[in-house]
Amino acid sequence: MPAVTVSDITVLPRVHQPDPAVANERKVRSVTSAPSGYEGEGFPVRRAFAGVDMSDLDPFIHMDQMGEVEYAPGEPKGTPWHPHRGFETVTYMLDGIMEHQDSQGGGGVISNGDTQWMTAGSGLLHIETPPEHLVLSGGLFHGIQLWVNLPKAQKWAAPKYQDIRGGDSALLSTADGGALIRVIAGTVDGHEGPGSTNTPITLVHATVSPGAELVLPWQPDYNALVYVLAGQGTVGAEHRPIRKGQLALFGPGDTIRTAAALSQPSAEPNLDVLILGGRPIREPIAMAGPFVMNTREEVIQAFEDFQAGKLGSIPAVHGLGTDLHESN
């Protein structure tokens, strides 16, 4: 899981350790395990938010851990063309390469440590595929796709992209050098990530060395979630056990605690976690397939607009997938 690494963590800015005498540490409300499934044309995923109430996830809607899978030659798969409206998709690549293209001529390529942030807004058609050379050669594929809701006032905004290179993330460490912190979006201890968000959120990928602990200051009006990408450890002051494929939901407060176990699986030498939170939107949600709106009528309108070709046209060299239950 290379993402973005550094040769000397001691040169990075340090996150200030919150004063335990005044900090209001968040307690762990629940730990849930992500069930496995398949997405798109058949790549394996873990449904990270399964079993968690939508009101606790707000402003987040959905998150898949894609892979980790080692493809043989000819096996890499992507998604067919599919529509989106009313929210943002955030694709974070840990290993591998993904090409993306939309019906408005946008797109690009992301690889190890890169993030592709797509604001679907009023709607578009979109496709994500591995490049041809990766299909021929096979290789490792591992990433995250997160759905971030948009408030009613922004659901009809014009679609746009951000391609965030891994090297642009704000890189930090803990005081003892036991954790590498990559701030992709939002602010941690005054250090701002490169992602520009319509909905106020913070998104962090942290690698915690065996036996080390990470205590992060966290925006009090944001919710707080920790998802384990690899390894094992504990969350909260109560040291609740957590392992790969599990999600911790925290209660109110202004700090988050995560620690890596001394003993890690042989193939996963560190605890890797995705830490995320945002300011709840607290608006009604109506969703079906690739549309996240405020009312059922708006969802029906989205389907009708898609069928009428109002979300864009596919380039002539491509065929249009019609499965509206894709979650990418």
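We now turn to the structure provided with this report. Think of each chain on its own: its residues are numbered from 1, step by step along the sequence as written. Predicted model: local features are reported for residues with pLDDT of at least 70 only, side-chain atom pairs are reported and counted for 80 or more only, and whole-chain, interface and lining totals are derived from all residues. To get the side-chain values, take all heavy atoms of the structure and skip hydrogens and water.

### Re the environment of H82
Here is the rule: A run of H or I in DSSP becomes a helix once it reaches four residues, and a run of E becomes a strand once it reaches two; helices and strands are each numbered from the N terminus. Between buried and exposed lies partly exposed: a residue is buried under 20% and exposed over 50% of the maximum accessible area for its type, with that area taken using a 1.4 Å probe on protein chains only. A 3.5 Å cut-off defines polar contacts: any pair of N or O atoms within that distance qualifies, except that in protein one atom must be a possible hydrogen donor and the other a possible acceptor, and neighbouring residues in sequence count only when both atoms are side-chain atoms.
Mapping H82 onto the fold places it in strand β5 (residues 82-84). Of the residues examined, H82 reaches a relative accessible area of 1% and is grouped as buried. Taking C-alpha positions, H82 is 5.3 Å from L125, a pair spaced 43 residues apart along the chain. Within polar-contact distance, the side chain of H82 engages the side chain of H84 at 3.4 Å.

### Observations concerning the packing of aromatic side chains
For clarity, the cut-off: When the centres of two rings from Phe, Tyr and Trp lie within 6.5 Å, Trp using its six-membered ring, the rings pair. Their planes under 30 degrees apart give stacked, over 60 give edge-to-face, and anything left gives tilted.
In the structure shown here, the tally under the stated rule is two aromatic pairs. Their ring planes at 35° and their centres at 4.4 Å tell us that F87 and W147 sit as a pair that is tilted. Pair noted here: F87 is in strand β6 (residues 87-95) and W147 is in strand β11 (residues 139-149), with a separation of 60 residues, a long-range link. On the basis of relative accessible area, W147 is assigned to the buried category, the value being 2%. A centroid spacing of 4.9 Å and a plane angle of 85° characterise the contact between F291 and F303, whose relative ring orientation is edge-to-face. In this pair, F291 sits in strand β26 (residues 291-293) while F303 sits in helix α3 (residues 296-307), placing the two residues twelve residues apart along the sequence.

### A short note on the nonpolar core
Soluble globular proteins tend to bury their nonpolar side chains together. What counts, and what does not: The definition of a nonpolar core used throughout is a set of buried Ala, Val, Leu, Ile, Met, Phe, Trp, Tyr and Cys residues joined through side-chain atoms within 4.5 Å. Contact definition: two residues touch when any of their heavy atoms are within 4.5 Å.
Core analysis: the biggest nonpolar cluster contains 28 residues, and I181, L214, L216, V226, F250 and I275 have the highest contact counts within it. Looking at this core, the elements that each hand over two or more residues are β13 (170-173), β14 (179-185), β17 (201-208), β18 (213-217), β19 (225-230), β22 (246-250), β23 (255-260) and β24 (271-278). Not counting chain neighbours up to four residues away, the residues in contact with L216 comprise V15, I181, V188, D254, T255, I256 and I275. Membership of the second largest hydrophobic core comes to 27 residues, among which are V52, L57, I164 and L249.

### Digging into the layout of surface pockets
Where empty space is left in the structure can be found by rolling a water-sized probe over the atoms. The criterion, for reference: In this analysis a 1.4 Å probe is tested at points of a 1 Å grid over the protein atoms alone, and where it fits but cannot get out there is a cavity; an open set with protein on both sides within 12 Å along at least five of seven lines is a pocket; lining residues have an atom within 4 Å of a point. Grid points are joined across faces, edges and corners, and a volume is the space filled by probe spheres set on the points. Note on residue categories: nonpolar means Ala, Val, Leu, Ile, Met, Phe, Trp, Tyr, Cys or Pro, charged means Asp, Glu, Lys or Arg, and polar means any other residue, Gly included.
In this structure, the second largest pocket spans a volume of roughly 190 Å³. Contributing to the lining of the second largest pocket are 16 residues, with D56, Y222, N223, P280 and R282 lying nearest its centre. Broken down by secondary-structure element, the contributors of at least two residues to the lining of the second largest pocket are α1 (54-57) and β22. Of the residues assigned to the lining of the second largest pocket, the class counts are seven nonpolar, three polar and six charged.

### With respect to a nonpolar patch on the surface
For clarity, the cut-off: A patch consists of residues whose relative accessible area exceeds 30% and which take part in no salt bridge; residues with like charges are grouped when within 9 Å of each other, and nonpolar side chains (Val, Leu, Ile, Met, Phe, Trp, Tyr) when within 5 Å. The Shrake-Rupley method, run with a 1.4 Å probe, gives the accessible areas here. Residue values count only the displayed protein chains as cover. Within this document, salt bridges are pairs made up of a side-chain nitrogen of Lys or Arg and a carboxyl oxygen of Asp or Glu, the two lying within 4 Å of each other.
On the surface, a cluster of nonpolar side chains totalling about 230 Å² of accessible area is made up of M54, I285 and M287. Its location among the elements puts I285 in the loop between β24 and β25 (286-288). On the basis of relative accessible area, I285 is assigned to the partly exposed category, the value being 36%.

### Focus: the sheet that holds β5
For clarity, the threshold we go by: Paired strands are those between which DSSP finds at least two bridges. In this description, a line fitted to the C-alpha atoms serves as the axis of each element, helices being fitted only across the stretch in contact, and the angle between N-to-C directions of two axes falls anywhere from 0 to 180 degrees.
Read from one edge of the open sheet, four strands run β5-β10-β7-β8, paired in antiparallel fashion. Two strands lie at the open edges of the sheet, namely β5 and β8 (107-110), each paired on one side alone. This sheet shows a mean twist of 30° between the axes of neighbouring strands, independent of strand direction. Pairing analysis gives four bridges linking strand β7 (residues 98-102) to β8, with the strands arranged antiparallel. When the bridges of β8 are listed, H100 appears paired with G108.

### Comments concerning unusual backbone geometry
Along the chain, D58 connects to P59 via a cis peptide bond; the corresponding omega equals 20°. As for its placement among the helices and strands, P59 is situated in the loop between α1 and β4 (60-71). Phi at H239 takes a positive value of approximately 55°, unusual for a residue other than glycine. Structurally, H239 can be placed in the loop between β20 (232-235) and β21 (240-243).

### Comments concerning the pattern of salt bridges
Pairs can form between side chains of opposite charge whenever their charged atoms are close. As enumerated under the stated definition, the model contains eleven salt bridges in all. Put simply, R47 and D64 hold a salt bridge, and the shortest N to O gap is 2.6 Å. Placement of R47 in strand β3 (residues 43-47) and of D64 in strand β4 is noted, with a sequence separation of 17 residues between them. For the salt bridge of E268 with K244, the shortest nitrogen-to-oxygen distance reads 2.9 Å. Placement of the pair is E268 in the loop between β23 and β24 and K244 in the loop between β21 and β22, with a sequence separation of 24 residues. Classification of E268 as buried rests on a relative accessible area of 14%. Taking the relative accessible area as the measure of exposure, K244 reaches 22% and is therefore partly exposed. Counted as one network, the salt bridges with shared partners bring together E25, E213 and R257.

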